[in-house]
Amino acid sequence: MLNPKLLRTEMDEVARQLGRRALKIDKDWFSFREQKRKQLQTAAENLRNQRNRNSKRIAQGKAAGQDVSEIMDEMIEINEELGTSEAELENYTTEINAWMLTLPNIPHESVPDGSTEEDNVVIRKWGELPNFDFPVLSHVDIGKKLGGLDFEKSAKISGSRFATMQGQVARLHRALIQFMLDYHVAEHGYVEVYVPYIVNDASLTCTGQLPKFEEDLFKLATDSPYYLIPTAEVPVTNLWRNHIANENELPAKYVCHTPCFRSEAGSYGKDTRGMIRQHQFEKVELVQLVKPEASWRTLEELTQHAEKILQLLDLPYRVVNLCTGDLGFASAKTYDIEVWLPGENTYREISSCSNFLDFQARRLKARWKNTATGKPELLHTLNGSGLAAGRTLVAILENFQDNQARVHVPEVLRPYMGGLETLSF
RNA sequence: GGAGAGAUGCCGGAGUGGUCGAACGGGCUCGCCUGGAAAGUGAGUGUGUCCUCAACGGGGCACCGAGGGUUCGAAUCCCUCUCUCUCCGCCA
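Residues numbered from 1 in each chain as written. Chains lettered and ligands numbered in written order. Predicted model: local features only at pLDDT ≥ 70, side-chain atom pairs only at ≥ 80, totals over all residues. Heavy atoms only, no water.

Visitor: What is the right way to read the protein's contact with RNA strand B from this model?
Guide: Residues in contact with RNA strand B amount to 20 residues; listed here are only the nearest, Glu45, Asn49, Ala59, Met75 and Asn79. Backbone atoms, meaning sugar and phosphate, make up 69% of the atoms of RNA strand B lying within 4 Å of the protein. Note that a phosphate oxygen of RNA strand B is positioned 3.2 Å from one of the side-chain N or O atoms of Arg8. Asn79 has a polar side-chain atom sitting 3.0 Å from a sugar or linking oxygen of RNA strand B. Contributing elements (two or more residues each) for the surface near RNA strand B: helix 1 (4–9), helix 3 (27–63), helix 4 (69–100) and strand 13 (366–369). (Near = heavy atom within 4 Å. Polar contact = N/O pair within 3.5 Å; in protein donor to acceptor, adjacent residues only side chain to side chain. Helix = DSSP H or I, 4+ residues; strand = E, 2+ residues; numbered from the N terminus.)

Visitor: Is there a simple way to explain a negative patch on the surface in this structure?
Guide: A cluster of acidic residues, Asp67, Glu70, Asp73, Glu74, Glu77, Glu80 and Glu81, forms a negative patch on the protein surface. Examined against the element boundaries, Glu77 turns out to sit in helix 4. (Patch = residues over 30% accessible without salt bridge, like charges linked within 9 Å, V, L, I, M, F, W, Y side chains within 5 Å. Areas by Shrake-Rupley, 256 points an atom, 1.4 Å probe, with all protein chains shown as cover. Salt bridge = Lys/Arg side-chain N within 4 Å of Asp/Glu carboxyl O. Lys, Arg positive; Asp, Glu negative; His and termini not counted. Charge placed at Lys NZ, Arg CZ, Asp CG, Glu CD.)

Visitor: Which parts of the structure should I look at to understand the domain arrangement of chain A?
Guide: Reports often express the size of an interface as the amount of accessible area lost when the parts come together. Its domain assignment divides chain A into domain 1 (26–100) and domain 2 (117–424). One C-alpha centre belongs to domain 1, the other to domain 2, and the line joining them spans 49 Å. (Domains from an automatic or database assignment.)

Visitor: Help me understand helix 3, please; the structure alone is not making it clear to me.
Guide: Structurally, the α-helix is built with 3.6 residues per turn, so residues lying three or four positions apart point the same way. Spanning 37 residues, helix 3 covers 54 Å between terminal C-alpha atoms, matching the ideal 54 Å at 1.5 Å per step. All of the buried residues along helix 3 are Phe30, Arg33, Glu34, Arg37, Leu40, Ala44, Leu47, Asn54, Ile58 and Gly61. Positioned one or two residues after helix 3, Gly65 has a phi angle of 75°, which is positive. (Expected span 1.5 Å × (residues − 1). Buried < 20%, exposed > 50% of the residue type's maximum accessible area, 1.4 Å probe, protein only.)

Visitor: How should I be thinking about the sheet that holds strand 9 (residues 280–290) in this particular structure?
Guide: Two pairing modes exist for strands in a sheet, parallel and antiparallel, and in both the strands are linked by backbone hydrogen bonds. The mixed open sheet is built from 8 strands, whose spatial order is 1-10-11-12-15-9-8-4. The open sheet terminates on both sides in strands that have one partner only, identified here as strand 1 (121–126) and strand 4 (191–192). Bridge count for strand 4 against strand 8 (residues 252–261) is 2 bridges, and the pairing is parallel. Looking across to strand 8, one finds that Glu192 is bridged to Val255. Along the sheet, helix 10 (residues 295–313) makes contact with strand 1, strand 8, strand 9, strand 10 (317–321), strand 11 (333–341), strand 12 (346–355) and strand 15 (380–388), crossing strand 15 at roughly 10°. (Pairing = 2+ DSSP bridges. Contact = heavy atoms within 4.5 Å. Axes fitted to C-alpha atoms, helices over the stretch in contact; angles between N-to-C directions.)

Visitor: Looking at this model, I keep getting lost on the pairing of strand 13. Mind explaining?
Guide: Consecutive side chains of a regular strand alternate in pointing toward one face of the sheet and then the other. Where burial is concerned, the two faces of strand 13 differ: the one with Ala366 and Trp368 is buried and the one with Arg367 and Lys369 is not. In the sheet, strand 7 (residues 243–245) pairs with strand 13 via 3 bridges, with the strands oriented parallel. Bridge pairing in strand 13 places Ile244 opposite Arg367. Pairing geometry for strand 13 and strand 14 (residues 376–378), over 3 bridges, is antiparallel. When the sheet's bridge partners are listed, Trp368 is paired in strand 14 with Glu377. The antiparallel pairing of strand 13 with strand 14 creates a hairpin that spans 6 residues between the two strands, and Gly374 there sits at a positive phi of about 75°.

Visitor: Looking at this structure, I do not really get the packing of aromatic side chains. What am I missing?
Guide: One pair of aromatic rings is described through two measures. These are the centre distance and the angle between the planes. Tallying each qualifying case throughout the model produces 10 aromatic pairs. Their ring planes at 20° and their centres at 5.1 Å tell us that Phe30 and Trp99 sit as a pair that is stacked. Residue Phe30 is located in helix 3, and its partner Trp99 is located in helix 4; the two are separated by 69 residues in the primary sequence. The same class applies to Phe30 and to Trp99, which are both buried. A centroid spacing of 5.7 Å and a plane angle of 80° characterise the contact between Phe329 and Phe359, whose relative ring orientation is edge-to-face. Taken together, the positions of Phe329 in the loop between strand 10 and strand 11 and Phe359 in helix 11 (residues 359–364) put the pair 30 residues apart, joining distant regions of the chain. The class for Phe329 is buried, based on a relative accessible area of 11%. Aromatic rings pair up to connect Trp29, Phe30 and Trp99 into one cluster. Above the ring of Tyr190, the side-chain terminus of Lys253 is found at 4.9 Å from the ring centroid. (Phe/Tyr/Trp six-rings, centres within 6.5 Å; stacked < 30°, edge-to-face > 60°. Lys NZ or Arg CZ within 6 Å of the ring centre and 35° of its normal.)

Have a look at this one:
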């Protein structure tokens, strides 16, 4: 959520900034309701003040054995008036709050303007693209030949956009997850956490998936509003809901492996083949909560933490700065890391690293006690995939295939594969 | 699934209708004491929001799990929900 004060005092500037996201703000709609709200709130508070004062007078009067019926009569009038203004106030605040929940974060100045992913700006590239002197296979074909990747079986079990893995491929997938977790814990100082995969609506509102993007989620058919998590970001960031941290708790750095569930509504016909876009996939997520002054530096660090995994796996990638049109709802700035996929002859997103500034923290009420001021202040939240395991598996199958019907296992994964150096088909 | 108990500030814990943002204890912070420490001792110590002040500060409103209700007045009474704990049953 954006700072309400900013909306009240700098509305023109906010509207201009959000305009970069091709969003039109109805300034008059807001200022009218905001003015009403303020007026009604002041009125209600004054009436409550009168009521509280009279209440004390009644208590004291009764104790002294005096007649308090006059004050009681006055109270009836006050309460009548208060009831009216409270009801009206409630209408306006509900309306304003609902509206504010639909406003996305303000893009940072370093975010390029643009409408589609075509306008994203490549920041850097790493690794050399492989040169194959034989017809390159896609991960779908390799997986099938290995007998380890099956989409028909999962279609039978569940439907489209699900993968079934078996044998060495399933183990390689698991090895990737273990390796990423271990590395981020040992080398980057993250704390491993295990969290629920089902969350309530409040958690999703705090991280920004709700109320606007409910159609992207799998909602359980229970009485209470339960959803499958679309990313570990939701439960992990919500660990800090309603928490005021001491300085020594910061920065908080979590690494978490979870499955992720996405309805992929609106992506019909997109990436239908293979395991690029699935309803269910595994991801190792990095989440940080930091002091505001540290968040921009942290975004660079966190992105590099994710990149490091690709470097150790020797997978070529590039980092792009998402343009305003491609930027996520809650994010102020996002670096996507895109891995090279020879089977598609293109780069594909494998990680998304974002700085949300205080946007999520405001909804979460995630704060820290600033020792300098002695006051609680909002934290900044960041997260990034480190990495999406399914897509990393795809990248390995495609980049490390050879003309001998083999896939070479990256060295860092071999300890997790019982020393296995190649998968053969 | 059945039966019961509970939810109060950083923690423990009192408070069953009025002057309660909340006793008391612990913790923590600052000070005194001390060669230094412990013990002792004094003071302070919630959050949000609005108004006010040059500043220090001062003031209003709200918050005792959440939401509703009763009442002139609710931490306290009533209803609903959520969560926690204990026992029984079932179970990975």
